Amino acid sequence: FQLDQDHMFPGLVVLPNEPKLHDPGIYIHWRGPSIIIRAHNMPNAVSGSIEILSPLVIEQNQNFNTTLKQEVRDQDVTHSVIEFDGEGEGFFSFKPYLHALPIKITFDSQLTPAQIFVGSDYKSPATLTFSLNMKDRHGMAWADYNADGLTDLYIARGGLKGWMGRMPGTFWDEMFISTENKFIEVGAKYGLIKQDCSGRQAAWVDYNADDKLDLYVACGKGDEYQPNKLYQQTSDGTFNDVAAQAGLNIGAEGSFIWLDAEMDGDLDLFWVDREAFYLYENTDGKFTRSRLGINPSGQISKKLTVADFDKDGDFDIFSASPNGNVLCINIEGDYILADPVSWGLPGKSMTANWLDYDNDGLQDLHTIPAGLFKQQAPNKFINTAMLQYSDRKFASSKLNAALASWFDMDNDGKRDLILALDFGIKQRWWSRGLAVIDGTSRRLGGLKSYWDVALFRSEAHSANHWLQVELLGSPGNQPAIGSVVTIYSVGHSKQVQQVGMSEGARYSQGHYRLYFGLGKSVAPFDIEISWPDGIVQKINSVEPNQLLIVKRQTLPAS
């Protein structure tokens, strides 16, 4: 599909182990932040050079001669050159400080390109001079951007630790337009030019209700406080950064989520950083900040999850943090920050997701490591003791990260779960092992940290009924991002959900189906859909226990 970081070398990915050696030749691959150059059964001496605009260190060297030269150029950019030669069996490795830059490799004429094997796919270059290109990818946002019925993809890349603006050349975030059998990258052409934005979290949003999907990207990382980006889509499909004009050029590290906080028909931005929680209220595409209260955890939220858990017709938020969770209760557009423990919910979590796991019409909460909490009226929760990880010591030295996403993988009306847990000594992502999904988890490469990955199918037996909804929106917003769906059923108060609330990812976006539990009622019910452009569409006498796909009607705005 041509979604590889380096299209010339599809198997050039970070590997926990070295690729197997076969034919005589030179093998090149990434292991963590380091590049390994290995000679295998070479009958003749090989020599060449490596160039990159970054400081680097040569880490290991066996049967190779290496010489490192480094020169500081304009704007303190370091030009590094390694000259090397070796033969037979041997290797050397080097680690650039900035790994997401082109690495130019040149071999002298003692061998042919066919004797060079790059990455896990053993791809050979076309010539003896070639470049390796890693992108340092982060948040991904999936949506049908160009209204052709195919899902496109935006990928935010890192900002080279704040050095990108000093580098020669042009950098950009990736935009992949989907065709029938591959993706075509058009990020630079469409105006997604990078400065120093580290590009962690990304999401599509039609913030100004012009029927064109825009992009919001959070840029803060550590002490690299670049302002966030709001890429407004123009009439020709390109993008301009209008964050400053809109009032969303936030210069801090944080997490965000889009929602209609005031239920007034436009999307607001909920933001949390290390200091406080904020609501940026949307008025005709301009945003006004309100400080909601301090962040007691002093840490960036690991996950923001949204639901109308108290069924009062507006959207509440649960903020998960290993230093302290916060329950943000929406009361007619104003948020009150509450201690979730008083509601029977855990005080600390690595991640969290609202869901109605038993389809009884009440929102429950899944957290890691404390497990699944069932809601009991009135708005109180009990721990079901399911999906707990209490056998693991919950500390930063043991549980580094947790990811969880709930979806209906077999379309039986019950939510299933895929989760990934990172255990071990806290390290950078490139130092972690990979898990194999075969019923067990494995440590690979002798690393001190590893991922447990598991898929759970719900086998609950329940007489409760359900409805799932997918919306097909207008040409400029096919996923109908920002639409609000309200259902009215016999014996239950109304339920309200917004497209995007089912998202389980922390940095990424792409889960747009909505899931409603209906309890034991089998009577037909009514649906009301408020589309982002103001159209209100009503569907009466809908039968339960189905996936309902609704296409936006051409109606006057209500």
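The text that follows walks through the structure, step by step, so that each part is easy to find. (Residues numbered from 1 in each chain as written. Predicted model: local features only at pLDDT ≥ 70, side-chain atom pairs only at ≥ 80, totals over all residues. Heavy atoms only, no water.)

**Section: the overall build of the protein chain**
Along the backbone of the protein chain there are one helix and 37 strands. Taking 24 Å as the expected radius of gyration for a compact globule of 558 residues, we find that the protein chain reaches 26 Å, a close match to that expectation. Counting over 558 residues, the protein chain shows a buried share of 54%. If you sum the accessible surface of the protein chain, you get close to 23500 Å²; carbon and sulfur atoms cover 50% of it. Across the protein chain, the 49 positively charged side chains and the 69 negatively charged ones have centroids separated by 7 Å. (Helix = DSSP H or I, 4+ residues; strand = E, 2+ residues; numbered from the N terminus. Rg over C-alpha atoms; globule rule 2.2 N^0.38 Å. Buried < 20%, exposed > 50% of the residue type's maximum accessible area, 1.4 Å probe, protein only. Areas by Shrake-Rupley, 256 points an atom, 1.4 Å probe, with all protein chains shown as cover. Lys, Arg positive; Asp, Glu negative; His and termini not counted. Charge placed at Lys NZ, Arg CZ, Asp CG, Glu CD.)

**Remarks on the sheet that holds strand β36 (residues 536-542)**
Within a sheet, adjacent strands bond to each other through the backbone by hydrogen bonds, running parallel or antiparallel. The four strands are arranged β33-β32-β35-β36 in an open sheet whose pairing can be described as antiparallel. With one partner strand each, in any of the chains shown, β33 (495-498) and β36 form the two edges of the open sheet. Each adjacent strand pair in this sheet contributes to an overall mean axis angle of 15°, direction not counted. As judged from the five bridges shared by strand β35 (residues 525-530) and β36, these two strands associate in the antiparallel manner. Within the sheet, the bridge partner assigned to Phe525 lies in β36 and is Val542. (Pairing = 2+ DSSP bridges. Axes fitted to C-alpha atoms, helices over the stretch in contact; angles between N-to-C directions.)

**Some points on the environment of Ala261**
Assignment of secondary structure puts Ala261 in the loop between β16 (254-259) and β17 (268-273). With a relative accessible area of 0%, Ala261 lands in the buried category. Put simply, Ala261 and Leu279 are 18 residues apart on the chain and 8.5 Å apart in space, counted from C-alpha to C-alpha. Excluding residues that lie within four positions of it along the chain, Ala261 makes contacts with Asp268, Leu279, Asn330, Gly333 and Tyr335. (Contact = heavy atoms within 4.5 Å.)

**Remarks on empty space enclosed by the protein**
Within the structure shown, the criterion is met by five cavities of 30 Å³ or more. Per-element accounting of the lining of the largest cavity gives the leading share, five residues, to β16. Partitioning the lining of the largest cavity into residue classes produces 16 nonpolar, nine polar and four charged. (1 Å grid on protein atoms, 1.4 Å probe; cavity = no way out; pocket = protein on both sides within 12 Å on 5 of 7 lines; lining within 4 Å. Points joined across faces, edges and corners; volume = space filled by probe spheres on them. Nonpolar A, V, L, I, M, F, W, Y, C, P; charged D, E, K, R; others polar.)

**Comments concerning the sheet that holds strand β25 (residues 364-368)**
Strand order across the open sheet formed by four strands is β24-β25-β26-β27, with antiparallel pairing between neighbours. At either margin of the open sheet sits one strand with a lone partner, and together these are β24 (351-355) and β27 (380-383). For this sheet, the mean angle separating the axes of adjacent strands, direction not counted, is 25°.

**What to know about the nonpolar core**
Core analysis: the biggest nonpolar cluster contains 39 residues, and Tyr154, Trp204 and Leu467 have the highest contact counts within it. Judged by nonpolar contacts, the second largest core, of 36 residues, contains Ile37, Ile52, Phe64 and Phe107. (Core = buried A, V, L, I, M, F, W, Y, C linked by side-chain atoms within 4.5 Å.)

**Overview of the layout of surface pockets**
Roughly 390 Å³ of volume is contained in the second largest pocket. In terms of lining, the second largest pocket is formed by 26 residues, of which the most central are Asp260, Gly265, Val484, Ser530 and Trp531. For the lining of the second largest pocket, the secondary-structure elements that each account for two or more residues are β32 (484-488) and β35. Of all the elements, β32 adds the most residues to the lining of the second largest pocket, at three residues. When the residues that make up the lining of the second largest pocket are grouped by side-chain class, the tally is twelve nonpolar, eight polar and six charged.

**What to know about unusual backbone geometry**
For the peptide bond that leads from Ile368 to Pro369, omega is 15°, which places it in the cis range. Mapped onto the elements, Pro369 comes out in the loop between β25 and β26 (371-376). Within the chain, Leu387 stands out as a residue other than glycine whose phi angle is a positive 60°. The residue Leu387 is located in the loop between β27 and β28 (399-407) in this model.

**Some remarks on the pattern of salt bridges**
Any two side chains of opposite charge can pair if their charged atoms end up close together. Overall, the coordinates contain 14 salt bridges when judged by the stated rule. A salt bridge links Glu470 to Arg513, with the nearest nitrogen and oxygen atoms 2.7 Å apart. Here Glu470, found in strand β31 (residues 465-472), pairs with Arg513, found in the loop between β33 and β34 (514-519); they are 43 residues apart in sequence, far enough to count as distant. (Salt bridge = Lys/Arg side-chain N within 4 Å of Asp/Glu carboxyl O.)

**Overview of a nonpolar patch on the surface**
Residues Leu472, Leu547 and Ile549 make up a contiguous nonpolar surface patch of roughly 240 Å² in combined accessible area. Turning to its location among the elements, Leu547 is positioned in strand β37 (residues 546-551). (Patch = residues over 30% accessible without salt bridge, like charges linked within 9 Å, V, L, I, M, F, W, Y side chains within 5 Å.)

**Let's talk about the packing of aromatic side chains**
The final tally for this structure, using the stated rule, is 25 aromatic pairs. Ring centres of Tyr216 and Phe256 lie 5.1 Å apart, and the angle between their planes is 80°; on these two criteria the pair is classed as edge-to-face. Of the two residues, Tyr216 is situated in strand β13 (residues 214-217) and Phe256 in strand β16; the sequence distance between them amounts to 40 residues. With respect to burial, Tyr216 and Phe256 carry one shared label: buried. Ring geometry for Phe318 against Trp354: centres 6.3 Å apart, planes inclined by 85°, an arrangement best described as edge-to-face. Highlighted residues: Phe318 in strand β21 (residues 316-320) and Trp354 in strand β24, separated in sequence by 36 residues. Residue classification places Phe318 among the buried residues on the basis of a relative accessible area of 0%. Taken together, Phe9, Phe64, Phe84, Phe92, Phe107 and Phe130 form an aromatic cluster joined through their ring pairs. Over the aromatic face of Tyr515 sits the side chain of Arg415, whose NZ or CZ is 3.9 Å from the ring centroid. (Phe/Tyr/Trp six-rings, centres within 6.5 Å; stacked < 30°, edge-to-face > 60°. Lys NZ or Arg CZ within 6 Å of the ring centre and 35° of its normal.)

**Observations regarding the state of the cysteines**
With the rule as written, the count across this model stands at one disulfide. Put simply, Cys197 and Cys219 are joined by a disulfide, and their sulfur atoms are 2.0 Å apart. Across the S-S bond linking Cys197 and Cys219, the dihedral sits near -90°, which makes this disulfide left-handed. Pair noted here: Cys197 is in the loop between β11 (183-185) and β12 (202-205) and Cys219 is in the loop between β13 and β14 (229-233), with a separation of 22 residues, a long-range link. Taken as a pair, Cys197 and Cys219 share a single burial class, namely buried. (Disulfide = S-S within 2.5 Å.)

**With respect to the environment of Tyr278**
Its place among the elements puts Tyr278 in strand β18 (residues 276-283). In the structure, Tyr278 is positioned 228 residues away from Ile50 in sequence and 48 Å away in space, judged by C-alpha atoms. Filtering out sequence-adjacent residues up to four positions away, Tyr278 remains in contact with Leu269, Phe270, Trp271, Asp273, Arg289, Ser290, Arg291 and Leu292.

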